Structure formats: structure tokens, C-alpha cells
Amino acid sequence: MTTVLVVGGGGREHALSWSLGKSPRVDRILVAPGNPGTASEKHCENLPVGAGDIAGLVAAARHESVDLVAVGPEAPLAAGLTDALDAVGIPAFGPTAACARLEASKAYCKTFLNALSIPTGASASFRDPDLAIAYLEQLPSAPVIKASGLAGGKGVVVAETHGEAAAALRAMLIEGRFGEAGREVVVEERLWGTEVSVLAFSDGTDFVVMPSAQDHKRLLDGDGGPNTGGMGAFVPSPVATGALIAEVSDRIIRPTLDALGETGTPYRGVIYFGLMITDAGPKVLEINCRMGDPEAQAVLPLLESDLFEVMLGCATGSLDGIPVDWSRSASATVVMASAGYPTGSAPPAPITGLEEAKLTGCLVFHAGTDRIEGVTLAAGGRVLGVTALGSTLAEATERAYAGTESISFEGAHYRRDIGRRLPPEARSLPCREVDVG
């Protein structure tokens, strides 16, 4: 019996569990802590172990004779979960803490990129608020302010004015807005262009690029409002041509993996490059050490190969020769959030229409949900991700919105422009004519 442990409890982990459930090689999937959506998937059961409980996760993996651990969120990776599993001989899909530092410290990541001459925006890092303000005052235009540590995707302020940037610096360095994550900040040149997420499976030597996605970080239509963990995504990105992916592979992904391997810490798992496609070419905004959320919900339904085999190949350094095939369909994911997200929370509210959404052909991935006495509740934050496929992006998008509109809960909020802001010709192009990998 093959058993996989998925670590995490959000939409990404539901998508991972769903995809693993399609593998003929997997008999049992444990999800720690999981959510009501993962509990309903084939072969799945939730474990009452938190994603941050490193000792508890290792103990559970040993007790359940787990064959592979698939780590979803960044925090347990940065805390050394893969290292702890390696120490007891359990394969883990996810990088070591040394590699995960690329996400855990944006300041370290910028130093890493600059040392390798990988294109990225100009920046400086600060712990002293006075030095940070003095640096800000000499800049010709308003920069982006980033908490260096892990802030759940919310630690970035795209300032429109120097005043907004100064306020963000004070909030992080003086008022402690993001706690430990904001004790060091990165003041970074604002880049202009189209933002694209390029993710790749890696076994430390070989890598396979996934279909490229476009995420929507801002809360409101038209990219207004505060940054969030992500309000939706679509695949494929029309700017991610074969030539662009080849350039990203040669100039960004390969040097990154080679440098990590040369230090004795081969990168095994998913490596995620947030890029801005500028007039001067692709530049790295950030490196993440795991699948994106919601990108995972849009990309994984396109995977036609066995996810378990791919993950095991990454974890054991044997990805070469394992087929990684993708559907030529388009995919769109719309995130439904609760009232007050991302700065506040709302009381639990019953969700209706989940089955109706599935009848439209959508996949509904749970994130911020709970189930009490047989009733599924919206429990705050990003609640659901509604995903649909289609032969064109327009078809996938309209199907995803049909599913989203079937679901309701008090205070539900979602963007209405996911995948809809592209020119009509890009939305209607058959996906076989778009490079999706």
C-alpha cells in the first residue's frame, strides 16, 4: 500500500490531494491538517496535525509508514521539515531549509540573484527605519516595499507615492505590522510590464517547466486595492512564448539550480519564479519554494501525467525519464474570499451551491472552510477556488464564473475580471496555438 502525506490545509493542498488521488499507484492520502474539501476526496483522510508542527508531522509520517511527504506551504519548508524527514529516511517533495531561504528571506534572495547576475530590480535592505527613510528620499520614483520574511503573500506594498512608501516602512519597521517577517525590509525598484508565474518541477539537476500562469494579487477588479495571497489565475499566459520560456530556463532557472547544487543543497520540489516581463526582458520579482496558490489550482488540472511519479522523481533525484505531459486546454481559477479579507475576518457563514457549481463542470477547491454538524461554512480568508477548463481561455473563464455564481455565502467577494482583461484575440485563441509549457 502506497501512502502519501500532504502537508497543509488550503486550496493548494486540496488541489494536490485531488491530483494525487488520480494516481493508480496511490492507495491512501493523509492530509495534515486538511480541510472539508480534502476530507471528501478519493483515498483521502485528514490528520489533526498542524502544518507548523515539525515533530508531529515527522512522527505521523513514521507511524503511518508514509512513502512520500508532499509539503504544500512555505513555512514548514523554511522551518526544516524536509531536513527532518531526510534524517529519518522519508522522501519529501519540497526543498531543504537552506534552499527555502530564497523565499523565507527576500533580502537573501536579492543577494543571491545579484551574485549570479540574474536580472532583477535594483534594491536595498534595511532593519533601521531611519536609514530606510533616508534611502527612500533619494529615489526618483516610489518603490515597492517588501517585508523580507514570510508574510503569507501580504507583505508587499506597491506604493504610488513616496509618502505611501514611507508609511509602509514605518508600519513594518516601527509598528511591527508583520511581526518578525517585517523586521527587515527590502526597498525595491518598481518594475513595469506583465507579471507571469513560471513554476518548475526540479530534482536538483533536471527540471521541467509547468504551463505558465498569470496570477491576480490585488483584491479588486482592475488591480485595485491591497495585495492578497492571490484572487485568481489563468493558464496559459499569452506572453509566455516558447522563446520566453527558453530564455527564462537558460538565464534564470538553470543558474539558480546549479548554484544551489554546487553548495551541496540540491533543490528538490517545485521552484516558482515570479517574473515581470519588462521591455528589457524578464526580471525576477521573487522566488518561492513551493507551488503557488492559486496557481496550483489552475495548473494541476492540466497535468496528464501521474503526479505521484513526478513528485517521487523530484524527491529522489530521478526526474529524468519520467513523462510530464500537459493538456492543451486553458484553465481559469476564481478565488472567493470572505468579507474583510485580507485585513479582517468575518464570522462563519453557511455556503450554498457547492454541488451546483460542480454540475457546471467546475472543480471547487476548499481553503478557508469548516464543516460543523454537516454544514460547510466559510471560515474566513480565501474560502474557495473555482476552477474550469476550456479549449480557449474565454471558454475556461466563463465556465469558472458560471460555477462561481452558483455558490453563495454571506459577504462573499471575488474579482470579476480574472482572464477577462486580455484582448479578445488572446482570449479566443485555441490553446493548441499557445505555448503552454
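Parameters and conventions
- Residues numbered from 1 in each chain as written.
- Predicted model: local features only at pLDDT ≥ 70, side-chain atom pairs only at ≥ 80, totals over all residues.
- Heavy atoms only, no water.
- pLDDT = per-residue confidence, 0-100.
- Contact = heavy atoms within 4.5 Å.
- Phe/Tyr/Trp six-rings, centres within 6.5 Å; stacked < 30°, edge-to-face > 60°.
- Helix = DSSP H or I, 4+ residues; strand = E, 2+ residues; numbered from the N terminus.
- Buried < 20%, exposed > 50% of the residue type's maximum accessible area, 1.4 Å probe, protein only.
- Core = buried A, V, L, I, M, F, W, Y, C linked by side-chain atoms within 4.5 Å.
- Polar contact = N/O pair within 3.5 Å; in protein donor to acceptor, adjacent residues only side chain to side chain.
- Pairing = 2+ DSSP bridges.

In this model, the protein chain carries an average pLDDT of 95, and 97% of its residues clear a pLDDT of 70 or more. A low-confidence stretch, residues 432-437 stays under pLDDT 50, and its non-local contacts, those more than four residues away or across chains, total 21 contacts.

Another aspect to go through is the packing of aromatic side chains. According to the stated counting rule, one finds six aromatic pairs in the structure shown. Seen in terms of ring centroids, Trp18 and Phe365 are 5.9 Å apart; in terms of plane orientation they differ by 70°. Their pairing is edge-to-face. With Trp18 in helix α1 (residues 11-20) and Phe365 in strand β20 (residues 363-366), this residue pair connects regions lying 347 residues apart in the sequence. Considered together, Trp18 and Phe365 belong to a single accessibility category, that of buried residues. Taken together through their ring pairs, the aromatic side chains of Phe93, Phe201 and Trp326 make up a single cluster.

The set of residues buried in helix α7 (residues 106-115) consists of Lys106, Ala107, Cys109, Lys110, Phe112 and Leu113. At its buried positions, α7 is contacted by α6 (97-104), β6 (123-126), β7 (144-147), β9 (185-188), α10 (242-262) and β17 (281-288). Two residues or fewer past α7, Ser117 is found with a positive phi of approximately 55°.

Ranked by size, the top nonpolar core spans 48 residues in total, and within it Leu5 and Val69 carry the most contacts. Element by element, the count of residues in this core is highest for α10, at eight residues. Non-local contacts of Val69, meaning those with residues more than four positions away in its chain, are made with Leu5, Val7, Ala61, Leu85, Ile90, Pro91, Ala92 and Phe93. Counting residues in hydrophobic clusters, the runner-up holds 38 residues, among them Leu199, Ala298, Met311 and Cys314.

Moving on, we come to the side chain of Ser305. Structurally, the position occupied by Ser305 is in the loop between α11 (295-299) and α12 (307-315). Polar side-chain contacts of Ser305 include one of 3.0 Å to the backbone oxygen of Pro323. Setting aside its immediate chain neighbours within four residues, Ser305 contacts Pro323, Val324 and Asp325.

Alternating residues of β9 divide into Val185 and Val187 and Val186 and Glu188, and every residue in both groups is buried. The sheet contact formed by β6 and β9 spans four bridges and is antiparallel. Looking at β9, one finds that Ser123 is bridged to Glu188. Strand direction decides the pairing type here: β7 and β9, joined by four bridges, are antiparallel. Each residue of the ladder has a partner; that of Ala147, found in β9, is Val185.

The strands that make up a sheet are held in pairs by hydrogen bonds between backbone atoms, and each pair lies either parallel or antiparallel. Spatial strand order, β12-β15-β18-β23-β20: five strands in an open sheet with antiparallel pairing. A strand with exactly one partner marks an edge of an open sheet, and here the two such strands are β12 (214-215) and β20. With eight bridges joining them, strand β18 (residues 330-337) and strand β23 (residues 382-390) adopt antiparallel strand pairing. Bridged to Ala332 within β23 is Ala388.

Attention now moves to the environment of Gly182. In this fold, Gly182 is placed in the loop between α9 (162-173) and β9. On the accessibility criterion, Gly182 (0% relative accessible area) is buried. Separated by 35 residues in the primary sequence, Gly182 and Ala147 place their C-alpha atoms 4.5 Å from one another.

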